[in-house]
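Coordinate analysis (summary)
One-letter residues, chain by chain:
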Amino acid sequence: MPALPLWPLYVMFGMVPLWWALGGLYLFWPVFTVVLGVVLLSRGRIRMPTGWTLWLMMISLIVISATRLEKITSFIMYGLRLSFVVSAFLIYLYVYNAARSGLSWKRLFQPLMVFWLAMVALGWLGVILPRLALTTPVEMLLPKSISGDRIVQAFTHVHTTEFNVASRNPYFRTAAPFPYTNNWGTGFAVLVPCVVAYLSSVRQGLLRKIVIVSLPLSLVPAFLTLNRGMFIGLGAGLLYLGLRALMRGDVRVIASIIGVALLAWVVTLFIPVMDLITNRVENTDSTRDRADLYWQTLNAVLHSPLLGYGAPRTVDTTTGAEPLGTQGQLWLIMFSHGLPALILFLLIFVLIARRLAVAVSTPGKWLSIIPVIALIMTPFYGYTDPNMSVMFFGIALAMAAVDGPVNRSATTEPATRPPVPRTIPS
């Protein structure tokens, strides 16, 4: 059976700065998904990883929930969100099958590491040019009726940071290549385990050296996000990993956790991140607005618990400006697609976390905390966007390593038996 090619993954994950500058990172993602699906299906036999039946059930409920949409225009954002969910599932299948078929672990990891480097580089662009915003080609090509939409505008009119333009002394919070700083924080939290897993499994190469340098550099834009959910999610993941390592006496994993923690502590000597977070909390109403939004979202769900409302809805009864069913993946799934879809969504991560708990290698153990981090951040941040694909890229690598042998060769692909020449009788 032919090996799956890497170029679809490089197009999606390795060319992020280009798609961001064009204003099409979010809008092009569904197109990439179609290409990825065609390549995967054309290969033939597909191995199904843990949780695939729950995935299909959840996607089915999301499709059915479209019957609850009230406006024709709502189908645009609904379709985009559905495509992000399908993308994550296809990435899960694609990377899992590529790893199980013998594709080099080192090569398969590379597109994800290039995505990480792009995110760090664009994060630093925000540090250097915090007010930079671009009118992109995609924004100019879209009809005004579409490009003028608040959410579409956030996707296509790109900016390096998120800040309050009305403030005299705004906080410039890292955002690029995402539209919102919370997306950057989510991506950082789930990619740090992937970076450490890569560094602990790949021992040579230029990319490894660049990734090593990028890890301490990434902490500056990460801390400037001031994302409480990012710190909570990553902290919970490291705590989970550390407790398991202590129970097993795994010195290597414990040492790697201490190394990451020390690196973060050194950066706090130069960036007073806790003071900045405290000051921001004291001078904004975000916590109160979120609490009010969550309460009203929960009340609305009780009136449509099975299928939800198809998509978030704006009401004039909340203290904040955000629609019901936003400000957290848990609330988005529950409000938009109903309680059964939310239960399936959470079960997927619980089932995967349980399966990955048997990982024995250091890279596998680091990757096994991705579903834990995702679950912890689910009430705070939404990730029905490219970040969900990032999560399941890392999860697929870990699942492939747990389910069967993978090719960890640093430099070469697995040897294949040469075809036996046929002799033609004379």
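Here, the structure is the one placed above.
To start, this report covers the structure provided alongside it. (Residues numbered from 1 in each chain as written. Predicted model: local features only at pLDDT ≥ 70, side-chain atom pairs only at ≥ 80, totals over all residues. Heavy atoms only, no water.)

If you tally the helices and strands in the protein chain, you get 20 helices and 4 strands. Per-residue burial for the protein chain yields a buried fraction of 53% across its 426 residues. Within the protein chain, contacts between residues at least 6 apart in sequence are counted, and of these 81% link residues at least 24 apart. As presented, the protein chain carries roughly 19200 Å² of accessible surface, and 68% of it is formed by carbon and sulfur atoms. (Helix = DSSP H or I, 4+ residues; strand = E, 2+ residues; numbered from the N terminus. Buried < 20%, exposed > 50% of the residue type's maximum accessible area, 1.4 Å probe, protein only. Contact = heavy atoms within 4.5 Å. Areas by Shrake-Rupley, 256 points an atom, 1.4 Å probe, with all protein chains shown as cover.)

Leu9, Phe13, Trp55, Phe109, Phe188 and Phe392 are the most contacted members of the largest nonpolar core, which totals 127 residues. Of all the elements, helix H5 (residues 74-100) adds the most residues to this core, at 17 residues. Apart from the residues lying within four places of it in its own chain, the contact partners of phenylalanine 392 are Trp55, Ala88, Ile91, Tyr92, Ile348, Phe349 and Ile352. (Core = buried A, V, L, I, M, F, W, Y, C linked by side-chain atoms within 4.5 Å.)

Here we come to the pattern of salt bridges. Tallying each qualifying case throughout the model produces 3 salt bridges. Between glutamate 70 and arginine 313 there is a salt bridge, with the nearest N and O atoms lying 3.2 Å from each other. You can see glutamate 70 sitting in the loop between helix H4 (52-64) and H5 and its partner arginine 313 sitting in the loop between helix H15 (286-301) and helix H16 (329-337), a full 243 residues away along the chain. For glutamate 70, a relative accessible area of 64% puts it in the exposed group. When the shortest N-O distance is used, the salt bridge between aspartate 403 and arginine 355 registers 2.8 Å. (Salt bridge = Lys/Arg side-chain N within 4 Å of Asp/Glu carboxyl O.)

Counted by the stated rule, this structure contains 25 aromatic pairs. Members of the aromatic cluster, connected to one another through ring pairs, are Phe13, Trp19, Phe28, Trp29, Phe32, Phe115 and Phe393. (Phe/Tyr/Trp six-rings, centres within 6.5 Å; stacked < 30°, edge-to-face > 60°.)

On to the packing of helix H10 (residues 181-201) against helix H11 (residues 206-224), then. In a packed pair of helices, the relevant descriptors are the angle between the two axes and the axis-to-axis distance. Interaxial distance between H10 and H11 falls to 11 Å at its minimum, and their mutual angle equals 150°. Between H10 and H11, the angle is such that the two are roughly antiparallel. Classified by chirality, the crossing of H11 by H10 is left-handed. Here H10 contributes Trp184, Phe188, Val195, Tyr198 and Leu199 to the contact with H11, which in turn contributes Leu207, Arg208, Val211, Ile212, Leu215, Ser218, Leu219, Pro221 and Ala222. (Axes fitted to C-alpha atoms, helices over the stretch in contact; angles between N-to-C directions. Parallel < 35°, antiparallel > 145°, perpendicular 65-115°, else oblique. Left-handed = near helix turned anticlockwise from the far one by under 90°.)

This part takes up the environment of phenylalanine 84. Considering the arrangement of structural elements, one finds phenylalanine 84 in helix H5. According to the relative accessible area criterion, phenylalanine 84 is buried, its value standing at 2%. Put simply, phenylalanine 84 and threonine 384 are 300 residues apart on the chain and 5.9 Å apart in space, counted from C-alpha to C-alpha.

On to the environment of isoleucine 46. Locating isoleucine 46 in the fold gives a position in the loop between helix H3 (25-43) and H4. In this structure isoleucine 46 touches Leu40, Leu41 and Asn97, once residues within four positions along its chain are discounted.

For the rest of this paragraph, the subject is helix H13 (residues 251-268). With 18 residues, H13 should cover 26 Å at 1.5 Å per step; its first-to-last C-alpha distance of 26 Å lies within 8% of that length. Burial in H13 covers these residues: Val253, Ser256, Ile257, Val260 and Val267. Looking straight down H13, one finds that the buried residues subtend no more than 100° of arc, so they occupy a single side. Opposite the packed face of H13, turned more than 90 degrees from it, sit the exposed residues Val251 and Trp265. At the N-terminal boundary of H13, the capping side chain belongs to aspartate 250, with an oxygen 3.3 Å from the backbone nitrogen of arginine 252. (Expected span 1.5 Å × (residues − 1). Arc of directions from axis to C-beta. Polar contact = N/O pair within 3.5 Å; in protein donor to acceptor, adjacent residues only side chain to side chain.)

Quick look at the side chain of aspartate 250 now. Relative to the assigned elements, aspartate 250 resides in the loop between helix H12 (228-248) and H13. The exposure class of aspartate 250 is buried, given its relative accessible area of 14%. One polar contact links the side chain of aspartate 250 to the main-chain amide nitrogen of valine 253, over a distance of 3.3 Å. Those residues within four positions of aspartate 250 in sequence are excluded, and the remaining contacts are Ala245 and Lys365.

For the pair helix H6 (residues 105-128) and H11, the least separation of the axes is 9 Å and the interaxial angle reads 40°. Between H6 and H11, the crossing angle belongs to the class labelled oblique. The element H6 and its partner H11 pack so that their crossing is left-handed. Between H6 and H11, the residues in contact are Gln110, Met113, Trp116, Leu117, Val120, Gly123, Trp124 and Val127 and Leu207, Ile210, Val211, Ser214, Leu215, Leu217, Ser218, Val220, Pro221 and Leu224, respectively. Its residues assigned to classes, the contact of H6 with H11 shows 14 nonpolar, 4 polar and no charged. (Nonpolar A, V, L, I, M, F, W, Y, C, P; charged D, E, K, R; others polar.)

This part takes up unusual backbone geometry. Cis peptide bonds are those with omega within 30 degrees of zero, and the linkage from alanine 176 to proline 177 qualifies with 15°. Although it is not a glycine, leucine 226 sits at a positive phi angle of roughly 55°. Inspection of the secondary structure assignment puts leucine 226 in the loop between H11 and H12. Taking the relative accessible area as the measure of exposure, leucine 226 reaches 3% and is therefore buried. One non-glycine residue, glutamine 327, lies in the positive phi region at around 65°. Following the sequence through the fold, glutamine 327 ends up in the loop between H15 and H16.

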